[in-house]
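Here is what each chain is made of, one letter per residue.
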Amino acid sequence: MSTEAVERRLYNAMWWAKVQSAGPLEVDPDTPAVAGLTRAAAPDGSSVWLVPTLPSGAGHGVLDELDAPPVAVEQPNETARILAICVACCWTDRSAPAWPGSTGTLAQVRSVYAGMRGRPEQSSDLTLIIGSLRRLHATHWLLWDDKAAEVRLGPRVITWTAADLTTLRDLCRHLPEPPAAVLSPQVSPVDEQELEESDE
Amino acid sequence: MDATLLDAEADAAVLRVYRQVFAVLAREAGAMIVDPDLLDADQAILDAFAEAGSDGLTVEQATLACRAYPHDVIVRRFEVLRQYGAITKLVDRPNELRHRAAFAPYVMLMFLRRMSVQGGQGELHQLLTLEAHSVSDPQATADDGSASIGRLTKVFRLLGNELAILVSTSTTAQLRENAQLAWGNERLIEQAEKVHRLVLDRWPELHRDCTSLRMALAAYADAVQLAAGRLVERAGTTRALGLLPIETWLTFSRGSDPGTLAAVLDGLLFDAAAPDFSAQTMVEAVETGRRSGTARMAPPRPTADADAPESAAATDREDLRAEAERVLAGRPSVDIVEVIDEAGDWITARRVLAELTAAHLHDELDYELVWSDGMRIDPTAGTPWATEGVFRRVVR
């Protein structure tokens, strides 16, 4: 094996190890491509997410086949509902892929949630919603900004297939229409940096 | 006469070797070794003889040398081996205690062991190499080629038959256990085809034998394909990968050290452990959420109130009433024999009777069916034997 190939292998192995332990990674757009990882560019192009690409048929369905328990998540149904609501709020152009989508707000999510439940909003709803949003943020299904109360779809949604998207399109039609988003004014780059630091 | 005697002697020698070879297979006359531990015992005995050198061993010495095994097992195996000539007396005289072992059973034993470990695939590869070697030998004759082809044909027939029978008759678990029959089949077929090519090039007159070999190979390939198809179909997309049962994978992943596990995963990309939200789970979650949350739904109402379809029970009741009224024809009561005769044959009569009984049993209908003791017998009637009774309106 040539030196170059060995280096290439090592480079891939390093990124793979990172992705395998931490999930999708946000990296500088200048990072060279890594085999097996799909690049999901952030809407403003400032960064790129590396998401592992699994061959079709190698997803979570395999766990069922092996009778192995899936990765546990707290309040799985509630969390899945919030994810569905966020898809309805953030995936505005339904003919385009779900990634990157647009930014949605907490107000939208709350409104759709109450609409789905078919009753006026209750005080306990907000706790459930915020909890689910944080859980989904931690697993990169959503990008949830706690301070601005804004949400975007996470890089993992890039793994949804065309069939998944068709199902979701249908689901979005069944959910109540979200009100128009009222976004908070764009944060300045300095603030953004502070935000990131405080996140870590 | 001389020639015949010589022949007989050669035959006897062959027979002796065969007896020795099959000694390890036979626990007693006609019985085969079914337990691999017995092979171990045999090997221990033969090992002891190898150690003993030219002096040989007595039965007691042999059991002492094999004390790792139960005494009676060793004695029994010793007897069996002696019976089949694998172990013989050092000098053939009465009361000779010392024995010697022949080497052929040991060779057979090694062969059996390898067969049991590798399922005979290795041997088959070697056999194919040997056959290729012998048919390409410049001194080989057409007869050698024909014999070679014949042997290979039989081997592949047996292999293909076994697999085909397994595919058609056995469970998936059995099929998976016997999957080694399908392993490396491409290499085997390739090697066999090489022999086939060599033979056909050298002795074109053997084309008939070659055709049967080709057919055997094709049958084997088909059987492999069928078996693989069944395994894949039954086992899902992933479990058939190694043709191993799922427990094997689980045991491996639990029992391996980090180094081994890392080596397996080297070059494999997988996602970090994360909960999965497929579109389907989201749809289901939203559905259940909607149901639990919404206010109580009004029960479904018939669209048109006026001509609402009656329930099946009501329809049945009205049908029975109509039938009862038809039978009564305005009278307060009617004789059953009359009803039956009116119906004509028994097939119709029993249907009428069934409906009258149903009317009798119905809670909301005021009819009753009362049987009496008499019986009407009339060979000319449609139903010659009829119990007398009365069907009547109940007055409340």
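The structure we're discussing is the one just above.
To keep things clear, this report deals only with the structure shown in the data block. (Residues numbered from 1 in each chain as written. Chains lettered and ligands numbered in written order. Predicted model: local features only at pLDDT ≥ 70, side-chain atom pairs only at ≥ 80, totals over all residues.)

All names here are of chain A. The residue after Trp-99, namely Pro-100, is reached through a cis peptide bond having omega -5°. Here Pro-100 lies in the loop between helix H3 (76-90) and strand S4 (104-105). The residue Gln-75 is not glycine, and still its phi comes out positive at about 40°. Structurally, the position occupied by Gln-75 is in the loop between helix H2 (61-65) and H3. Residue Gln-75 is classed as partly exposed on the basis of its 13 C-beta neighbours within 10 Å. Phi is positive for Ala-149, which is not a glycine, with a value near 55°. Assignment of secondary structure puts Ala-149 in the loop between strand S5 (142-145) and strand S6 (150-153). (Helix = DSSP H or I, 4+ residues; strand = E, 2+ residues; numbered from the N terminus. Buried ≥ 20, exposed ≤ 12 C-beta atoms within 10 Å, placed from the backbone.)

What follows concerns the sheet that holds strand S5 (residues 385-393) of chain B. Residue and element names in this part refer to chain B. The strand order S3-S5-S4 describes an open sheet built from three strands, whose pairing is antiparallel. The open sheet has two edge strands, strand S3 (333-335) and strand S4 (367-377), and neither has a second partner. Neighbouring strand axes in the sheet, compared pairwise and without regard to direction, differ in orientation by 15° on average. Pairing of S4 with S5, which is carried by eight bridges, proceeds in the antiparallel orientation. The partner of Ile-377 across the bridge, within S5, is Trp-385. In this fold helix H15 (residues 336-343) packs onto S3, S4 and S5, with an angle of close to 110° to the strand it touches most, S5. (Pairing = 2+ DSSP bridges. Axes fitted to C-alpha atoms, helices over the stretch in contact; angles between N-to-C directions. Contact = placed C-beta atoms within 7 Å.)

Turning our eyes to something else, we now look at the packing of H15 of chain B against helix H16 (residues 346-361) of chain B. Residue and element names in this part refer to chain B. Put simply, H15 and H16 touch, their axes get as near as 8 Å, and they point 135° apart. What the angle tells us is that H15 and H16 run oblique. For the pair H15 and H16, the sense of crossing is right-handed. Two secondary-structure elements touch here, H15 through Val-339, Ile-340 and Ala-343 and H16 through Thr-348, Ala-349 and Val-352. Here the residues of the contact of H15 with H16 are counted per class, giving five nonpolar, one polar and no charged. (Parallel < 35°, antiparallel > 145°, perpendicular 65-115°, else oblique. Left-handed = near helix turned anticlockwise from the far one by under 90°. Nonpolar A, V, L, I, M, F, W, Y, C, P; charged D, E, K, R; others polar.)

This brings us to the packing of helix H7 (residues 142-169) of chain B against helix H9 (residues 185-202) of chain B. All names here are of chain B. Interhelical geometry of H7 versus H9 gives an angle of 150° and a closest axis separation of 10 Å. As judged from the angle between their axes, H7 and H9 are roughly antiparallel. Where H7 crosses over H9, the two elements pack in a sense that is left-handed. Each of Gly-145, Ser-148, Ile-149, Leu-152 and Phe-156 in H7 lies in contact with H9, whose residues at this interface are Ala-192, Val-195, Val-199 and Arg-202. Residue composition of the contact of H7 with H9, grouped by class: six nonpolar, two polar and one charged.

None of this, on its own, says anything about what the molecule does.
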